[in-house]
Amino acid sequence: MEVVSRQTVFGGTLRFLRHDSRATGTPMVFSIFVPPGAGPFPVLYWLSGLTCTANNFNEKAGAYRVAAELGLVIVAPDTSPRGAEVADDPAYDLGQGAGFYVDATEAPWAPHFRMESYVTDELIGVAEAEAPGSGARSIFGHSMGGHGALTLAMRHPGLYRSVSAFAPIASPSSCPWGRTAFAAYLGPDESLWSAHDASLLMAAGKARDLGAILVDQGLADGFLAEQLQPDKLVLAADVGGAALTLRRQAGYDHSYYFIQSFMEDHLAFHAERLSAR
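The sections below set out a description of the structure shown in this document. (Residues numbered from 1 in each chain as written. Predicted model: local features only at pLDDT ≥ 70, side-chain atom pairs only at ≥ 80, totals over all residues. Heavy atoms only, no water.)

Some words on the packing of aromatic side chains
Put simply, the rule is: Aromatic rings from Phe, Tyr and Trp, taking only the six-membered ring of Trp, are treated as a pair when their centres fall within 6.5 Å; an angle between ring planes under 30 degrees marks them as stacked, one over 60 as edge-to-face, and anything in between as tilted. Numbering of helices and strands starts at the N terminus; helices are DSSP runs of H or I of at least 4 residues and strands are runs of E of at least 2. Here's how the labels work: a residue is buried when its accessible area is under 20% of the maximum for its type, exposed when over 50%, partly exposed in between, all with a 1.4 Å probe on protein chains only.
For the coordinates displayed, the defined rule picks out 17 aromatic pairs. Between the aromatic rings of Trp-46 and Phe-57, the centroid separation amounts to 4.9 Å while the plane-to-plane angle is 35°, which identifies the pairing as tilted. With Trp-46 in strand β4 (residues 41–47) and Phe-57 in helix α1 (residues 55–60), the pair connects residues that are eleven residues apart, well separated along the chain. Considering the side-chain rings of Trp-109 and Phe-113, the 5.3 Å spacing of their centres and the 90° angle between planes classify their relative orientation as edge-to-face. Side by side, Trp-109 and Phe-113 carry an identical accessibility label, which is buried.

Next up, the structure:
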């Protein structure tokens, strides 16, 4: 484990760490914020969106004052494997920076694009070895990362105590971003895509045991109708019996200004559930 950088933030410690990943076969970077105090602390995992790295959340989300007050460890990984030997595409919505939190099965992506395995298994092991964790963990994310948070929580029951999302890609099987990624990473058989589609998983009852789910969506988001489709998530929750709260926020777009504005709400939402026995 290589310490790339270390900062003191609101009395806690923020480190960027690099390690050789067995899941992706590449070096991977993640950040970890540990609040002040002796612990043990619950761990909250953040998944970022298209084109982001492990830096975006740390530089723009404004989360650490509240995380320090609430006693939350926050871990933010990169969005994909990277490197000269890793497959890529000139489009921003495929390849490096666009892992979509799935394990690719198709060439040339399969050798390295194993972000589901990385986030739900390897990252937990290496990150929670770096902080005095309580064993309780939750997950949240934005856009592609909101898709990842919702689907991984539903696909791995019991792994996370709570889940929330900012402007998630609610139905990747039916939007351009998701269809591009799923066709490349998972192949042309669309019947296989449903296992990674938040709306379809929710409609199938996979979120019934997750408890309350919080989603915030800006109504001035330029991607709202074509790419994000939050109404499909609402319909799926009704069908599948999920306890979804979708808050539609007038005037807010897709940016980190939107995320900053409601970050405290999401941290408090998770802290309450992470502290429950």
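Still more ground to cover, so stick around.
A few points about helix α9 (residues 256–274)
We apply this condition: One axis is fitted to the seven residues ending at the residue and one to the seven starting there. The bend at that residue is the angle between these axes. Pairs of N or O atoms are called polar contacts if they sit within 3.5 Å, as long as, within protein, a hydrogen donor faces a hydrogen acceptor (for residues adjacent in sequence, only side-chain-to-side-chain pairs).
Taking the largest bend as the criterion, α9 deviates by roughly 50°, centred on Phe-262. Measuring from the backbone nitrogen of Tyr-257 back to the side-chain oxygen at the start of α9 gives 3.1 Å, which picks out Ser-255 as the cap.

So, the environment of Gly-99
Let me state the cut-off plainly: It only takes one pair of heavy atoms within 4.5 Å for two residues to be counted as in contact.
Within the secondary structure, Gly-99 sits in the loop between β5 (73–77) and α3 (115–128). C-alpha of Gly-99 to C-alpha of His-147: the two residues are 48 residues apart in sequence and 11 Å apart in space. Ignoring any residue separated from it by four or fewer positions in sequence, one finds Gly-99 in contact with Thr-79, Ser-80, Phe-113, Met-115, Met-144 and Tyr-185.

Digging into the sheet that holds strand β3 (residues 27–34)
Each strand in a sheet pairs with another by means of backbone hydrogen bonds, the pair being arranged parallel or else antiparallel. Operational definition: DSSP calls a pair of strands paired once it identifies at least 2 bridges connecting them. Working convention: axes come from line fits to C-alpha atoms, limited for helices to the stretch in contact. Angles between N-to-C directions cover 0 to 180 degrees.
Strands sit in the order β1-β2-β3-β5-β4-β6-β7-β8-β9 across an open sheet of nine strands; the sheet is mixed. Of all strands in the sheet, those with a lone pairing partner are β1 (2–9) and β9 (243–249), marking the two edges. When the angles between neighbouring strand axes are averaged without regard to direction, this sheet yields 20°. Pairing geometry for strand β8 (residues 212–218) and β9, over seven bridges, is parallel. Bridge assignment links Gln-217 to a residue of β9, and that residue is Arg-248. Across the sheet, α3 is in contact with β2 (12–20), β3, β4, β5 and β6 (133–142); its angle to β3 comes to roughly 50°. Of the strands in this sheet, β8 and β9 are in contact with helix α8 (residues 230–240), which crosses β9 at around 155°.

Some points on α8
Basically, it comes down to this: What the arc measures is the spread of directions leading from the helix axis to the C-beta atoms.
Residues Pro-230, Leu-233, Ala-236, Ala-237 and Gly-240 constitute the buried set of α8. Seen end-on, α8 carries its buried residues on one side only, within an arc spanning 110°. Pointing more than 90 degrees away from the buried face of α8 are the exposed residues Leu-235, Asp-238 and Val-239. In the core, the buried residues of α8 are packed alongside α4 (144–155), α6 (198–203), β8, α7 (224–228) and β9.

With respect to the nonpolar core
What counts, and what does not: Buried residues of nine kinds, namely Ala, Val, Leu, Ile, Met, Phe, Trp, Tyr and Cys, make up a nonpolar core once their side-chain atoms join them within 4.5 Å.
Formed by 95 residues in total, the largest nonpolar core has its most connected members in Phe-57, Ile-139, Tyr-185 and Met-263. When residues in this core are grouped by element, the largest group, eight residues, is from α9. When neighbours within four sequence positions are excluded, Met-263 is seen to be in contact with Trp-46, Phe-57, Ala-61, Gly-62, Ala-63, Phe-140 and Phe-166.

Remarks on the environment of Leu-235
Here Leu-235 shows up in helix α8. In this structure, the C-alpha to C-alpha distance between Leu-235 and Val-66, residues 169 residues apart in sequence, is 33 Å.

Some details on the environment of Pro-176
If you trace the backbone, Pro-176 turns up in helix α5 (residues 176–186). Its relative accessible area of 35% is what places Pro-176 among the partly exposed residues. Along the sequence, Pro-176 and Pro-40 sit 136 residues apart, while their C-alpha atoms lie 42 Å from each other. Setting aside residues up to four positions removed in sequence, Pro-176 forms contacts with Glu-226 and Gln-227.

Digging into the pattern of salt bridges
The following threshold applies: Basic side-chain nitrogens of Lys or Arg form a salt bridge, by our definition, when they fall within 4 Å of a carboxyl oxygen of Asp or Glu.
Following the criterion strictly, the structure yields 15 salt bridges and no others. Glu-69 is the salt-bridge partner of Arg-65, the closest N and O atoms lying 3.2 Å from each other. Of this pair, Arg-65 and Glu-69 both sit in helix α2 (residues 64–70), separated by four residues, roughly a single helical turn. Each of Arg-22, Asp-121 and Glu-122 takes part in one network of salt bridges that share partners.

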